[in-house]
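If you want the building blocks of each chain, they are given just below.
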Amino acid sequence: MINQTPSLCSMYRFQWEEAQGNYVLLYPEGMVKLSRTAGEVLKRVTGDATVKQLVSALQRDFPESDLENDVIKFLTEAKQNGWISF
Amino acid sequence: MAGSLSNIAGKPLWLLAELTYKCPLQCPYCSNPLEISKYSNELTTDDWFRVLREARALGAMQLGLSGGEPLVRTDLEEIITEAHRLGYYSNLITSGVGMDAERVARFKTAGLDHIQISFQASDKELNDFLGGTSSFAHKLEMARAVKDQGYPMVLNIVLHQKNIEQLDDIIKMSIELKADFVELASTQYYGWSRLNVGHLLPTKEQVMKAESIAKHYQTEMKDKMKILYVVPDYYEKRPKACMNGWGSIFLTIAPDGRALPCHAAATLPDIEFPNVKNNSIKSIWTDSYAFNKFRGFEWMEEPCRSCPEKEKDFGGCRCQAYMMTGDAAAADPVCDKSSHHEALQADVASIAKTSSHKNEPLIFRTMRNSKKYQTDKIFSPQQN
């Protein structure tokens, strides 16, 4: 996965919701309230960056350990949910 | 007290804008009220702009553009444009009749996020019979047009006794159309569908067979086509968490500006539903008597009041409880903890089996039938 490039599936819209104070995923007649981690990761899913590049970018903004594992775990879940594709 | 309940009001995340009750189709299971002929004072474009803005400010994110048939409104493109500007995810819920490929392209430009097209059946004869008009070929064309514009293709089929045996064909048709999402919505029995319940209610065997067919395709089409099958609650032992709770997430605005927590709420007695023409969305959602009436748990009677599942299903549907028990605060009789549950089961079983309805015609959703069949409940049209 680390060298693959994730992108958001066209049915999903990712946006910041001021009224909620978090990021959400919107799709036909539905919505997912995203956790802070999920929001920060999906924000960087541009369709241009590999997972490796995504993790580096995240690490720069959030210098914490084990970020790569969390990111991979989340991206696996996101793919299972149909939110992203590689 | 409205004041103390307002802090549990939450946000109206889902705004359903019923733009008009006019419709070129005449489906006998329509979820609009029987009183459609009385909704002549439609909101103007500017009224809808204000509704959109105010609801968005309260946190609304999903917008359903519905009706009747929303395509009847010539200002639909303007409404979509404004909704998009405000940041809504907009859903057009339509029969497909009233648009062509060009109009779909205009919707795309205006920023509409998705279009859901209804089908009444998988064959032309039944589809056009139920809809009361020749629409099948056009729907197929529109399904393709929607896909051509890069939209996810979402189909909605309301299931009932007249088409439930076609389910396999319905799903095959959806696959052929390359649908991304198929919503199989079992008919709920309010208003028109209640009038026609003898014709529409499937037997338990039919429902179980449909459920297994849906499940089969859900597995087979996993990751290719998402199938949502809504189980009819009449054959269940626990009620649906109707609207996710009264005044919890959903806000419906009827064509005349009346604000409702759900489609059927206007059937409930002794509640005056506020109108957006003379109230802000904020005051309606947060402070109105109507929206606070069944919020929280204080209004509940037994068995709901002490039930450990009350936070899961909120006692079920108020409209259904009123319809079947005469008490809007009672437990929804779908629940087997309700003292009315057995009577409901017996009723449902006899309706599903009887063929006496075959001598009565289906009552199609027309303005004329609306005048003929609407209830005696005193209806105060919102005159302005």
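Scroll up for the structure.
Cut-offs used in this document
- Residues numbered from 1 in each chain as written.
- Chains lettered and ligands numbered in written order.
- Predicted model: local features only at pLDDT ≥ 70, side-chain atom pairs only at ≥ 80, totals over all residues.
- Heavy atoms only, no water.
- Helix = DSSP H or I, 4+ residues; strand = E, 2+ residues; numbered from the N terminus.
- Buried < 20%, exposed > 50% of the residue type's maximum accessible area, 1.4 Å probe, protein only.
- Contact = heavy atoms within 4.5 Å.
- Areas by Shrake-Rupley, 256 points an atom, 1.4 Å probe, with all protein chains shown as cover.
- Lys, Arg positive; Asp, Glu negative; His and termini not counted.
- Charge placed at Lys NZ, Arg CZ, Asp CG, Glu CD.
- Pairing = 2+ DSSP bridges.
- Axes fitted to C-alpha atoms, helices over the stretch in contact; angles between N-to-C directions.
- Buried area = accessible area lost by both parts, 1.4 Å probe.
- Salt bridge = Lys/Arg side-chain N within 4 Å of Asp/Glu carboxyl O.
- Polar contact = N/O pair within 3.5 Å; in protein donor to acceptor, adjacent residues only side chain to side chain.
- Core = buried A, V, L, I, M, F, W, Y, C linked by side-chain atoms within 4.5 Å.
- 1 Å grid on protein atoms, 1.4 Å probe; cavity = no way out; pocket = protein on both sides within 12 Å on 5 of 7 lines; lining within 4 Å.
- Points joined across faces, edges and corners; volume = space filled by probe spheres on them.
- Nonpolar A, V, L, I, M, F, W, Y, C, P; charged D, E, K, R; others polar.
- Expected span 1.5 Å × (residues − 1).
- Arc of directions from axis to C-beta.
- Parallel < 35°, antiparallel > 145°, perpendicular 65-115°, else oblique.
- Left-handed = near helix turned anticlockwise from the far one by under 90°.
- Disulfide = S-S within 2.5 Å.

(A) Broad picture of the overall build of chain B. When you go through chain B residue by residue, the secondary structure sums to 16 helices and nine strands. Here the C-alpha coordinates of chain B stretch approximately 50 × 50 × 45 Å along the principal axes. Per-residue burial for chain B yields a buried fraction of 57% across its 384 residues. Contacts in chain B between residues far apart in sequence, at least 24 positions, make up 74% of those at least 6 positions apart. For chain B, the exposed surface amounts to about 16,400 Å²; the carbon and sulfur share of it is 52%. Separation between the mean location of the 45 positive side-chain charges and that of the 48 negative ones in chain B comes to 1 Å.

(B) Quick peek at the sheet that holds strand 2 (residues 62-66) of chain B. Residue and element names in this part refer to chain B. With respect to topology, nine strands assemble into an open sheet ordered 7-6-5-4-3-2-1-8-9, the strand pairing being mixed. Pairing within the sheet leaves two strands with one partner each, and these edge strands are strand 7 (226-230) and strand 9 (259-260). Two elements, strand 4 (residues 114-119) and strand 5 (residues 153-159), share five bridges in a ladder whose sense is parallel. Each residue of the ladder has a partner; that of Ser118, found in strand 5, is Asn156. Helix 6 (residues 136-148) contacts strand 4 and strand 5 of the sheet and is inclined by roughly 160 degrees relative to strand 4.

(C) Fine view of the interface of chain B and chain A. Contacts between the two partners involve 19 residues from chain B, matched on the other side by 13 residues from chain A. A combined buried area of about 1,500 Å² lies between chain B and chain A, and 58% of that area is made up of carbon and sulfur atoms. The interface formed by chain B and chain A holds two salt bridges in total. In this assembly, chain B and chain A are joined by eight residue pairs in polar contact (both at pLDDT 80 or more). For the side of chain B that touches chain A, the secondary-structure elements that each account for two or more residues are strand 3 (89-94), strand 4 and strand 6 (181-186) of chain B.

(D) Up close: the nonpolar core. Judged by nonpolar contacts, the single largest core of 109 residues is most densely connected at Leu15, Leu65, Phe107, Ile115, Leu184 and Ile253 of chain B. If you tally residues by element for this core, the top one is helix 6 of chain B, at six residues. Apart from the residues within four sequence positions on either side, Leu65 of chain B is in contact with Ala17, Leu19, Pro70, Leu76, Ile79, Ile80, Asn91, Leu92, Ile93 and Leu112 of chain B. Counting residues in each nonpolar core, the second largest holds 25 residues, with Tyr27, Leu42, Val45 and Ala78 of chain A among its members.

(E) How the structure looks around the sheet that holds strand 3 (residues 22-27) of chain A. Residue and element names in this part refer to chain A. The antiparallel open sheet is built from three strands, whose spatial order is 2-3-4. Only two strands of the sheet have a single neighbouring strand rather than two, namely strand 2 (13-17) and strand 4 (30-33). Across the sheet, the axes of successive neighbouring strands diverge by a mean angle of 30 degrees, strand direction being ignored. The pairing of strand 2 with strand 3 spans five bridges and is classified as antiparallel. Bridging across to strand 3, Arg13 finds its partner in Leu26. Strands strand 2 and strand 3 of the sheet are contacted by helix 1 (residues 36-43), whose axis makes an angle of about 65 degrees with strand 3.

(F) Inspection of the pattern of salt bridges at higher detail. Residues and elements named next belong to chain B. Overall, the coordinates contain 24 salt bridges over all chains when judged by the stated rule. Taking the shortest distance from any N to any O, the salt bridge between Glu211 and Lys215 comes out at 3.3 Å. Highlighted residues: Glu211 and Lys215, both in helix 10 (residues 204-220), separated by four residues, approximately one helical turn. Residue Glu211 is classed as partly exposed on the basis of its relative accessible area, which comes to 23%.

(G) A look at empty space enclosed by the protein. All names here are of chain B. Applying the stated rule across the entire model yields three cavities of 30 Å³ or more. Of the voids in this model, the largest cavity is the one considered here, and its volume is about 110 Å³. Looking at the largest cavity, it is lined by 13 residues, and the ones nearest its centre are Cys242, Gly245, Trp246, Gly316 and Arg318. Grouping the constituent residues of the lining of the largest cavity by class yields ten nonpolar, two polar and one charged.

(H) Structural detail: the layout of surface pockets. Of the volumes computed, that of the second largest pocket is approximately 640 Å³. Asn81 and Gly82 of chain A together with Asp223, Lys224 and Lys226 of chain B are the residues nearest the centre of the second largest pocket, which is lined by 22 residues in total. If you list the elements that add at least two residues to the lining of the second largest pocket, you get helix 3 (67-80) and strand 5 (84-85) of chain A together with strand 7 of chain B. Of the residues in the lining of the second largest pocket, the class split is nine nonpolar, seven polar and six charged.

(I) Expanded view of helix 3 of chain A. Residues and elements named next belong to chain A. The end-to-end C-alpha distance of helix 3, which contains 14 residues, comes to 20 Å, matching closely the 20 Å that a straight helix rising 1.5 Å per residue would cover. Where helix 3 is concerned, the buried positions are Leu67, Val71, Phe74, Leu75 and Ala78. End-on view of helix 3: buried residues confined to an arc of 100 degrees, all on one side of the axis. In helix 3, the exposed positions that point more than 90 degrees away from the buried face belong to Lys73 and Gln80. Its buried side turned inward, helix 3 meets helix 1, helix 2 (51-61) and strand 5. Gly82, located one to two residues past helix 3, shows a positive phi value of around 85 degrees.

(J) The packing of helix 2 (residues 45-57) of chain B against helix 3 (residues 76-86) of chain B, seen in detail. All names here are of chain B. Look at helix 2 against helix 3: their axes get within 10 Å of each other, and the N-to-C directions meet at 20 degrees. By the criterion of interaxial angle, the relationship of helix 2 to helix 3 is roughly parallel. Handedness of the helix 2/helix 3 crossing: right-handed. On helix 3, the residues touching Thr45, Trp48, Phe49, Leu52, Arg53 and Arg56 of helix 2 are Glu78, Ile79, Glu82, Ala83, Arg85 and Leu86. Split into classes, the residues belonging to the contact of helix 2 with helix 3 amount to six nonpolar, one polar and five charged.

(K) Geometry of the state of the cysteines. Residue and element names in this part refer to chain B. Applying the stated criterion across every chain yields a total of zero disulfides over all chains. Cys27 supplies the cysteine sulfur nearest to Cys23, a cysteine that is in no disulfide, at a spacing of 6.5 Å. Exposure remark for Cys23: the relative accessible area of 26% places this residue in the partly exposed category.

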